[in-house]
Amino acid sequence: MRFALSDEQIEFRDAVAGLLADTCGPDDIRAAWADPVLAGGGPGGGEGRVPAAWSALGEMGVLGICVPEAHGGLGMTDEDLVPLLVEVGRACLPDPVSSTAGVTVGLLRDAAPAGIAGDWLPRIAAGEVAVGVGFGPDRDGGGAPTVAAASSVDAFLLFDRGEAHLVPPSAVHLTPLDSVDGARHLARVAWNPSEATLVVGSSSGSEAGFAATNVAFDRAALGAAAMLVGLSQRMLAITVLYATERQQFGVPIGTFQAVKHHLADASLAVEFALPLVLRAANSLALGDPEAAAHVSMAKAKASEAAKGAAAASLQVHGAIGYTVECDLHLYMKRAWALAVRYGDAEFHRRRIRSTLIG
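Residues take numbers from 1 onward in each chain, read along the sequence in its written order. Selection of residues for local features in this predicted model requires a pLDDT of at least 70, selection of side-chain atom pairs for listing and counting requires 80 or more, and totals for whole chains, interfaces and linings are taken over all residues. Excluded from the side-chain calculations are hydrogens and water; all other atoms, namely the structure's heavy atoms, are used.

Draft legend 1. Up close: the overall build of the protein chain. Helix numbering and strand numbering both begin at the N terminus, where a helix is a DSSP run of H or I of at least 4 residues and a strand a DSSP run of E of at least 2. Within the protein chain, the secondary structure is distributed over 12 helices and nine strands. Based on the C-alpha atoms only, the size of the protein chain along its principal axes is roughly 70 × 45 × 40 Å. Per-residue accessibility, obtained with a 1.4 Å probe over protein chains only, is compared with the maximum for each type, and a residue is labelled buried under 20%, exposed over 50%, and partly exposed between these values. Out of the 358 residues belonging to the protein chain, those deemed buried represent 53%. Any pair of residues with heavy atoms lying within 4.5 Å of one another is described as a contacting pair. Taking as baseline every contact in the protein chain between residues at least 6 positions apart, the subset at least 24 positions apart corresponds to 73%. Carbon and sulfur atoms make up 56% of the accessible area of the protein chain, which amounts to about 15100 Å² in all. Within this scheme the basic residues Lys and Arg register as positive and the acidic residues Asp and Glu register as negative, but His and the chain ends are omitted. One atom stands in for each charge, and that atom is NZ of Lys, CZ of Arg, CG of Asp or CD of Glu. Charged side chains in the protein chain number 26 positive and 39 negative. The centres of these two groups are separated by 7 Å. Areas reported here follow the Shrake-Rupley algorithm with a probe of radius 1.4 Å; residue values treat only the protein chains shown as occluding.

So this is what it looks like as structure tokens:
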């Protein structure tokens, strides 16, 4: 089977890339940070969002790409969304695109009661609401779930013990957390499950609830993997440009064999990760019983590739790469954060092993 994009998917992907290039540059990312000093400049006081980019994605139909046409969406699948999430990663957009357009839409479309789906899906497709997603301690560890952009989302989709709850901001307590990537605005979300917020599952959990939770986790992990591929590509592009401009001994450092080898090895790892990401998207879209293993393969490879790309990029940049004034740190810190989000490479390798011996 050939995991490649169709002409239509390529056209949509390129349109999204152009949109994000216009609405989410390094200055916009810095503005999403709360601390302008740590961001390397900008106004500060951001909430982990780039409003212009989010609005434009809503107008283009990206946020409703997986929403059924009956609810105002495009009626597409994970295979169509994932290439766009690669571009979201390349742009380093901090907004919860994957959580909203992927995880939340997937659960509401496939597992939620018709009334709840009918209420929320059209609003998501129109770009009117953003949803933060968090999994219980069995997934993220350490008590209450953690959610990015928690102070600015319009609802929380929270999973715990075979239940999925759609919770308003007024019903949660947020404890801000430090993150290497200040644009993520990470917070721990404390909440009390109730029948009023229950979307899938029952008071004691259910087989359907656990199945929906597992699929939602797979979508979240795959979204992170797709964004890691885009981030890796962006870091390497920045570094190649730097290596062609920075001179030493009268020649560009990009002509040095050691530099070429470092960047080639990092690029090769990213190129191997992308087909695994596309394969996992295909598996989720088709309901493949081995989709979880395919997602873990993609996340493990993408996490390792992103860490390798960050390390190579930092090494080539040298001392300037350690400064917050250098744009590289914005993408590198996002890659570090997403590499461990929804399971690091070792977690997903253990998950793959369990499917092989189970």
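Draft legend 2. Looking closely at the sheet that holds strand β6 (residues 187–191). Any two strands with at least two DSSP-identified bridges between them are counted as paired. Taking strand neighbours across the sheet as the criterion, the three strands line up as β2-β6-β5 in an open arrangement whose pairing is antiparallel. On the outer flanks of this sheet lie β2 (146–147) and β5 (172–176), each paired with one strand and no other. Alignment of β5 against β6, held across five bridges, turns out to be antiparallel. In the sheet register, V172 faces β6, and the bridge partner there is W191.

Draft legend 3. A look at the sheet that holds strand β4 (residues 163–167). Across the sheet, which stays open at both edges, the four strands sit in the order β1-β3-β4-β7 with mixed pairing between neighbours. Strand pairing shows two members of the sheet lacking a second neighbour, β1 (131–135) and β7 (198–200), which therefore form its edges. Each strand of the sheet is rotated relative to its neighbour by a mean of 25°, with strand direction disregarded. Bridging between β1 and strand β3 (residues 155–160) involves five bridges; their strand directions are parallel. Bridging from a neighbouring strand, G134 pairs with L158 of β3. Packing of helix α6 (residues 97–110) onto the sheet brings it into contact with β1, β3, β4 and β7, and relative to β1 it is tilted by some 70°. Axis definition: a line fitted to C-alpha atoms, over the contacting stretch in the case of helices. Angles run 0 to 180 degrees between N-to-C directions.

Draft legend 4. Representation of the packing of helix α5 (residues 78–91) against α6 in the model. Between α5 and α6, the least distance of the axes is 11 Å, while the angle of their chain directions is 170°. Considering their axes alone, α5 and α6 lie roughly antiparallel with respect to each other. Only V97, S98, A101 and G102 of α6 make contact with α5, whose side of the interface consists of L81, L85 and V88. The nonpolar class holds Ala, Val, Leu, Ile, Met, Phe, Trp, Tyr, Cys and Pro. Asp, Glu, Lys and Arg form the charged class, and all remaining residues, Gly among them, are polar. Here the residues of the contact of α5 with α6 are counted per class, giving five nonpolar, two polar and no charged. Any angle from 65 to 115 degrees is called roughly perpendicular, while one under 35 is roughly parallel, one over 145 is roughly antiparallel, and all others are oblique.

Draft legend 5. Structural context of the packing of aromatic side chains. Stacked, tilted and edge-to-face pairs are distinguished by plane angle, under 30 degrees for stacked and over 60 for edge-to-face with tilted covering the rest, among Phe, Tyr and Trp rings (Trp via its six-membered ring) whose centres lie within 6.5 Å. The tally for this structure, following the rule as stated, stands at five aromatic pairs. Judged by centre distance (5.4 Å) and plane angle (85°), the ring pair of F135 and F217 falls under edge-to-face. With F135 in strand β1 and F217 in helix α8 (residues 207–245), this pair connects stretches of sequence that are 82 residues apart. The burial state of F135 is the same as that of F217; both residues are buried. Between F217 and Y342, the aromatic rings sit 6.3 Å apart at their centres with planes inclined by 85°, giving edge-to-face as the arrangement.

Draft legend 6. The arrangement of helix α4 (residues 51–60) in detail. Regarding α4, the residues found buried are A53, W54, A56, L57 and G58. Taken together, the buried residues of α4 touch α1 (7–23), α6 and α7 (114–125).

Draft legend 7. Broad picture of the environment of S55. Examined against the element boundaries, S55 turns out to sit in helix α4. Taking the relative accessible area as the measure of exposure, S55 reaches 38% and is therefore partly exposed. In sequence terms S55 and E128 are 73 residues apart; their C-alpha atoms lie 8.5 Å from each other.

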